[in-house]
Amino acid sequence: MQNNLFQQAKDAVNNLFNGNASEADKQAAQNAIQSAYDDASPQEKEHLQQLEQQLKQSNQLK
């Protein structure tokens, strides 16, 4: 069963890369990632770490 918080975190990060994201959008994505960690499977946690890394890299590029 897919974790709903996990899917929300994925969607939040993907939305950031599809347009101009505000700082509030970036923070919301980070919050979604952190919330999803609690109930994530080991495989989902690995993917969340990748999403978090993408988010950090996007913040450094600007």
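Rules used in this analysis
Along each chain, residues carry numbers from 1 onward, in the same order as the chain's sequence is written. For a predicted model such as this one, the threshold for reporting local features is a pLDDT of at least 70, and the threshold for listing and counting side-chain atom pairs is 80 or more; totals across whole chains, interfaces and linings nevertheless cover every residue. Water and hydrogen atoms were dropped before computing side-chain values, which therefore reflect all heavy atoms in the structure. To qualify as a helix, a DSSP run of H or I must reach at least 4 residues; to qualify as a strand, a run of E must reach at least 2; elements of each kind are numbered from the N terminus. Helix span is expected to be 1.5 Å times the residue number reduced by one. Each residue's exposure class comes from its accessible area (1.4 Å probe, protein chains only) as a fraction of the maximum for that residue type: buried when under 20%, exposed when over 50%, partly exposed otherwise. Note that the arc is computed from the directions linking the helix axis to the C-beta atoms. Basic side-chain nitrogens of Lys or Arg form a salt bridge, by our definition, when they fall within 4 Å of a carboxyl oxygen of Asp or Glu.

A. Looking closely at helix 1 (residues 4–16). The terminal C-alpha atoms of helix 1, which comprises 13 residues, lie 19 Å apart, in line with the 18 Å expected from a rise of 1.5 Å per residue. For helix 1, every residue scored as buried is listed here: F6, A9, A12, V13 and L16. For helix 1, the angular spread of the buried residues around the axis is 125°, confining them to a single face. More than 90 degrees from the buried face of helix 1, the exposed residues found are N4 and N15.

B. How the structure looks around the pattern of salt bridges. Scanning the model with the defined rule gives one salt bridge in all. For E23, the salt bridge goes to K26, with nearest N and O atoms at 3.5 Å. Placement of the pair is E23 and K26 together in helix 2 (residues 23–37), with a separation of three residues, close to one helical turn.

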